[in-house]
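Inside the fold
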Amino acid sequence: MIPIGSHPACHPVFETVAYAAGYAVFRWVRNRQGDIVSEPQRWTVLAAAAVGALLGSRLLGLAELWPTVLAAWRVGRVWALLLSPGGKTIVGGLLGGWLGVEIAKRVTGIRRRTGDLFVLPLCVGIAVGRVGCLLAGLADDTYGNRTSLAWAVDLGDGIGRHPVQLYEILFLALAGVLVNTNIRLPEGARFRIFLAAYLGWRIAVDFLKPQPLVHGMNLIQWACLAGLAALGALYLKDRRTSRREVVQNVVVG
């Protein structure tokens, strides 16, 4: 068993570093690959992603803590809980940011798919943030279930647990390598592949976390399933559109 302990002060430090690292990688990727939209349009997308991610992360994070929210409501401390720094989730941030960008693009008339530049920054930022989650230990709500595996971690209570944060860091490293290869893909496909892979990963790995369940899965897993359903619907819509365009081209030709 690997002793780590619980160090809550590490979480905000690594969260801040994660944002900075993600933005630095975004700047590097954009300078290296260029951008398919103009500077003002990219800032519109970034702003929409930030607002959507903040709202989505907070809403799903608090929903996941519904027993704590109900307890706070009973004693009249729900506002203190709402204003606390905790209660956020990456899945909510990803889905909220995605929705925010799509709404902003619809309003401003941006028709290009703008997510590909975010894939590597997201991999780096989430991985750095997960280091903070691991070091925060029991104070963070992302720790794993009990296990007797040799690489179990002790977060200060003498119990061996799955180092689910390390599992996620390894997944993100692999995803970052595979999704950012030189293979030519349709515009926007890299982001959708990454998002689908991450949502599928979270459905699997969250079975190793002691979270309150609703019909066999926690709310984050249900949100992941909803996100995968939305991605599947978009894929089918794109297929139908592509086939329609092929038929029109044949008829015109």
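Here is a short report on the structure shown in this document. A quick note: this is a predicted structure, and the numbers were derived from the prediction, not measured.

What counts, and where the lines are drawn
Residues numbered from 1 in each chain as written. Predicted model: local features only at pLDDT ≥ 70, side-chain atom pairs only at ≥ 80, totals over all residues. Heavy atoms only, no water. Helix = DSSP H or I, 4+ residues; strand = E, 2+ residues; numbered from the N terminus. Buried < 20%, exposed > 50% of the residue type's maximum accessible area, 1.4 Å probe, protein only. Contact = heavy atoms within 4.5 Å. Areas by Shrake-Rupley, 256 points an atom, 1.4 Å probe, with all protein chains shown as cover. Phe/Tyr/Trp six-rings, centres within 6.5 Å; stacked < 30°, edge-to-face > 60°. 1 Å grid on protein atoms, 1.4 Å probe; cavity = no way out; pocket = protein on both sides within 12 Å on 5 of 7 lines; lining within 4 Å. Points joined across faces, edges and corners; volume = space filled by probe spheres on them. Nonpolar A, V, L, I, M, F, W, Y, C, P; charged D, E, K, R; others polar. Pairing = 2+ DSSP bridges. Axes fitted to C-alpha atoms, helices over the stretch in contact; angles between N-to-C directions. Parallel < 35°, antiparallel > 145°, perpendicular 65-115°, else oblique. Left-handed = near helix turned anticlockwise from the far one by under 90°. Patch = residues over 30% accessible without salt bridge, like charges linked within 9 Å, V, L, I, M, F, W, Y side chains within 5 Å. Salt bridge = Lys/Arg side-chain N within 4 Å of Asp/Glu carboxyl O. Lys, Arg positive; Asp, Glu negative; His and termini not counted. Charge placed at Lys NZ, Arg CZ, Asp CG, Glu CD. Core = buried A, V, L, I, M, F, W, Y, C linked by side-chain atoms within 4.5 Å.

Glancing now at the overall build of the protein. Across its full length, the protein carries nine helices and three strands. The N-to-C order of helical and strand elements in the protein reads β-α-α-α-α-α-α-β-β-α-α-α. The 253 residues of the protein split such that 42% are buried. Taking the intrachain contacts of the protein between residues at least 6 apart in sequence as the baseline, contacts between residues at least 24 apart amount to 72%. Accessible surface, the protein as shown: approximately 14,300 Å² in total, 68% of it carbon and sulfur.

This part is about the packing of aromatic side chains. Aromatic ring pairs are defined here through the distance separating the ring centres and the angle between the ring planes. Applying the stated rule across the entire model yields five aromatic pairs. Ring-pair connections join several aromatic residues into one group, and the members of that group are Phe171, Phe194, Tyr198 and Trp201.

The next subject is unusual backbone geometry. We note that His215 has phi near 55°; this positive angle belongs to a residue other than glycine. One can find His215 in the loop between α8 (189–205) and α9 (219–252).

Let's shift gears to the layout of surface pockets. Of the volumes computed, that of the second largest pocket is approximately 470 Å³. Residue lining of the second largest pocket: 22 residues in total, with Val29, Gln33, Asp116, Leu117 and Arg190 positioned closest to the centre. A per-element tally of the lining of the second largest pocket places helix α1 (residues 10–33) first, with four residues. For the lining of the second largest pocket, the class distribution of residues is nine nonpolar, six polar and seven charged.

A word on the sheet that holds strand β1 (residues 2–3). Read from one edge of the open sheet, three strands run β1-β2-β3, paired in mixed fashion. Pairing within the sheet leaves two strands with one partner each, and these edge strands are β1 and β3 (160–161). Where strand β2 (residues 153–154) and β3 come together, two bridges link them in antiparallel fashion. Within β3, the residue paired with Val153 across the bridge is Arg161.

Once that is clear, we can look at the packing of helix α2 (residues 39–64) against helix α5 (residues 90–108). With their axes 6 Å apart at the nearest point, α2 and α5 run at an angle of 140° to one another. As the angle between them shows, α2 and α5 are arranged oblique. For the element pair α2 and α5, the recorded crossing hand is right-handed. Packed against α2, whose contacting residues are Thr44, Val45, Ala48, Ala49, Gly52, Ala53, Gly56, Ser57 and Leu60, the element α5 presents Val91, Gly92, Gly93, Gly96, Gly97, Gly100, Val101, Ala104 and Thr108 at the interface. Taken together, the residues of the contact of α2 with α5 sort by class into eight nonpolar, ten polar and no charged.

Assignment of secondary structure puts Thr114 in the loop between α5 and α6 (119–136). Contacts of Thr114, omitting those with residues within four sequence positions, involve Ile36, Val37, Arg42, Val45, Val101 and Lys105.

The next point concerns a positive patch on the surface. On the surface, a cluster of positive charge is contributed by Arg106, Arg111, Lys237 and Arg240. Locating Lys237 in the fold gives a position in helix α9. According to the relative accessible area criterion, Lys237 is partly exposed, its value standing at 48%.

This part covers the pattern of salt bridges. Scanning the entire structure with this criterion turns up twelve salt bridges. The partner of Glu168 in a salt bridge is Arg130, and the shortest N-O contact between them spans 3.0 Å. Taken together, the residues span a long stretch of sequence, with Glu168 in helix α7 (residues 164–179) and Arg130 in helix α6 at a distance of 38 residues. Between Asp157 and Arg161 there is a salt bridge, and its shortest N-O distance comes to 2.7 Å. Beyond isolated ion pairs, a larger network of salt bridges with shared partners links Arg30, Asp35, Glu39 and Arg42.

Take the nonpolar core next. By size, the foremost hydrophobic cluster in this structure holds 28 residues, and its most contacted members are Val91, Leu172, Phe194, Leu195, Tyr198 and Leu199. Where this core is concerned, the elements lending two or more residues are α5, α6, α7, α8 and α9. For this core, the element with the highest residue contribution is α8, accounting for eight residues. Each residue touching Tyr198, except ones within four places of it in the same chain, is listed here: Ile90, Val91, Leu94, Ile126, Arg130, Glu168, Phe171 and Leu172. Of all hydrophobic cores here, the second largest spans 14 residues; its members include Phe26, Val101, Leu117 and Phe118.

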